[in-house]
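Read off the chains here:
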Amino acid sequence: MSDLKKNQPLGEIFANGIDEKQLRLVADKIFENPTIENVSALKKFTGGWCFWYYRQDLGRVLYGQDIFGRKSLCWKVKDNKETRLLSFTISSFPGEQNEGWCEVRQGSVFLMDFGSSEFGIEINQNPYIQDERIPLWDLRIFNIDPLQMMFHRYSYDEIYKSPDDEENCTFKFYVYNQSHVLDAGIMLKPSTERLNKEEVDLRLNPVAQEFILRLKEALYKYIPQNEPKTPIPILFSGGVDSLMLSILANEVAHPDTQIILISVAFGQTESDYAEAPDRPRCIEAFKFLKQRTAPRNDRYRLVHVNVTREELAQCRNAIISKAIAPLNSVLDDSIGCVVWFGSRAKGQEYNPAPDVKLLDYENSPFALVGSGADELLGGYSRHRARFIEKGFEGLYEEIVLELIRSGNRNWNRDYRVGISTGKNLLAPYLDDAFVEWLNSLPLELKMDFSLPRGQGEKRILRVALKHLGVPDMLAFAPKRAMQFGSRMAKLENRKEKGSDPCIRILSN
């Protein structure tokens, strides 16, 4: 992540997860000639990224984020009813509810031209995140004459229209002057190849073994190779997504690096924590991992993060609600709270290894998460339901929808939650090369809903785990949503729908 570069001859730029010098070269061409070809050059930047670039000499700003929305960028527009002028603000961490903020659509780039009007600008460090390791800068442009403003949108999204664009933003009153569709290729369009049962049986095991190799290649990009004293925290439910990452992290990381498995549970008593559905599965998975690395006893460490109702309310009010913003649903609150406590990682080690010091994992600059596995491999119950209702065509449409909306549903939010604890949450399943390879595979190799629950979802991942010696009780464990597996939902004990506005957030 680059810091803000000031006093540059061609304007001021904020780049997160993207090389600032290379971005400037591409962006200057877009400013000069905003064609689809020039904007498409941004595709060469892989991984999670977002940016804004203000050119004072042109009175223009360019901003956007990567195809899957793995970072965070938000914007808002405010009207001055007296002057009829606008102000426009961009921030990676707005920290405010009910203030007109919207997330920038994943896979979208916007070019705004403010014309010749006399407008002003402010650039400030984000007031909520002032960690030197995660420098965030906000841009505000004010006194904008809307009659002189030109607004261009370039997006990979031609199927799914964000409701935020139409319902919640002040810009709903201002039509895009031009809207362009970019070619995402296979990144957002999985293979439509069909296989019969015999072809699946023939290809599944070799492809599962290739799955292991390709995911390991992705992990090499995320795990430091020369920093053995930097532990690797993994948000760990004991489910198949995090278990696979934990196994492969052992093969990728430096031999002296500790792998810290973070298990979160909510309750009021020790009995509550022990009865959280994910907790016993975490312990069984931890025991299996220890056996794989025997006789060594210090490679994996399991940390129990136990959260009371009082601590939950205090931390939600202090920071979690700000990190979730501008999202505000019950589901955002539930997932955001689980991820926040897992990312903060303050807990007690389970069954400590004798005479082996647990390294300072709380201050690790990153944590690994299993995000993306469900979306790519058919892990949600709605995928099975859609297949039963609409067959292959309906399932294919649902998987495409997952790819083009999950950044704004989940991954933007999770990035903000992570950085509010000082950690970048890294998702190897969303590595560009890995996603491209997965999307080249027929759906029948990745999921099979003719099989029972716990077998058909994410089938290729479960078969890959069997190749690594994982016992059936772990490899074929049905998915649990994290808010239920951690007992978060039960602690709140409220009869709410996940899509309902969360009063606990909005009351802050």
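Throughout this description, residue numbers start from 1 for each chain and increase along the sequence as written. Thresholds applied to this predicted model are a pLDDT of at least 70 for local features of residues and 80 or more for the giving and counting of side-chain atom pairs; totals over whole chains, interfaces and linings are not thresholded and use all residues. Water and hydrogen atoms play no part in the side-chain values, which are based on all heavy atoms of the structure.

If you check an unreviewed UniProt entry, the protein chain appears there as Asparagine synthetase domain-containing protein from Acrobeloides nanus.

K.L.:
Mind showing me how you'd approach the overall build of the protein chain here?
P.N.:
Starting at the N terminus, helices and strands are each numbered in turn, a helix being any DSSP run of H or I of at least four residues and a strand any DSSP run of E of at least two. Each helix and strand in the protein chain was counted, giving 18 helices and 17 strands. C-alpha atoms define the radius of gyration, and 2.2 Å times the number of residues to the power 0.38 defines the globule rule. Against the globule reference of 23 Å for 508 residues, the protein chain gives a C-alpha radius of gyration of 23 Å, in line with a compact fold. At a minimum sequence separation of 6, the contacts of the protein chain that also span at least 24 residues come to 78%. For the protein chain, the accessible surface area stands at approximately 21300 Å², while carbon and sulfur atoms represent 49% of it. Should any heavy atoms of two residues lie within 4.5 Å, those residues are considered in contact. To be clear on the numbers: accessible area is Shrake-Rupley with a 1.4 Å probe, and residue cover counts the displayed protein chains and nothing else.

K.L.:
Even after reading the chapter, I still don't get the pairing of strand 14 (residues 300-307), so can you show me in this structure?
P.N.:
Looking along a regular strand, one sees side chains alternate from face to face of the sheet. Burial classes: relative accessible area under 20% of the type maximum marks a residue as buried, over 50% as exposed, and values in between as partly exposed (1.4 Å probe, protein chains only). In terms of burial, strand 14 is a largely internal element, seven of the eight residues being buried. Strand pairing is assigned whenever DSSP identifies at least 2 bridges connecting the two strands. The pairing of strand 13 (residues 259-266) with strand 14 spans eight bridges and is parallel. In the strand pairing of strand 14, Ser-263 is matched with His-304. Examined bridge by bridge, strand 14 and strand 15 (residues 348-350) share three bridges and lie antiparallel to one another. Within strand 15, the position partnered with His-304 by the bridge is Gln-348.

K.L.:
Just to check I follow, could you spell out helix 7 (residues 278-292) for this structure?
P.N.:
One full turn of an α-helix is made of 3.6 residues, so residues set three or four places apart face in the same direction. Take the number of residues in a helix, subtract one, and multiply by 1.5 Å to get its expected span. Helix length check: helix 7, at 15 residues, gives a terminal C-alpha distance of 21 Å against a target of 21 Å (1.5 Å per residue), a fit within 8%. Residues of helix 7 that are buried include every one of Asp-278, Arg-279, Arg-281, Cys-282, Ile-283, Ala-285, Phe-286, Phe-288 and Leu-289, and no others.

K.L.:
Before we go on, may I ask you to explain the layout of surface pockets in this structure?
P.N.:
Rolled over the atoms, a probe as big as a water molecule pinpoints where empty space is left. A pocket here means an open set of points on a 1 Å grid, computed over the protein atoms alone, that has protein on both sides within 12 Å along at least five of seven lines. A cavity is instead a set of points where a 1.4 Å probe fits but cannot get out; residues with an atom within 4 Å of a point line either one. Grid points are joined across faces, edges and corners, and a volume is the space filled by probe spheres set on the points. Considering only enclosed or pocket space, the second largest pocket measures out at about 620 Å³ in volume. Breaking the lining of the second largest pocket down by element, the ones donating at least two residues are helix 4 (197-222), helix 11 (381-419) and strand 17 (424-426). Ten residues, namely Ala, Val, Leu, Ile, Met, Phe, Trp, Tyr, Cys and Pro, are considered nonpolar, four, namely Asp, Glu, Lys and Arg, are considered charged, and the remaining ones, Gly among them, are considered polar. A per-class count over the lining of the second largest pocket returns 13 nonpolar, seven polar and six charged.

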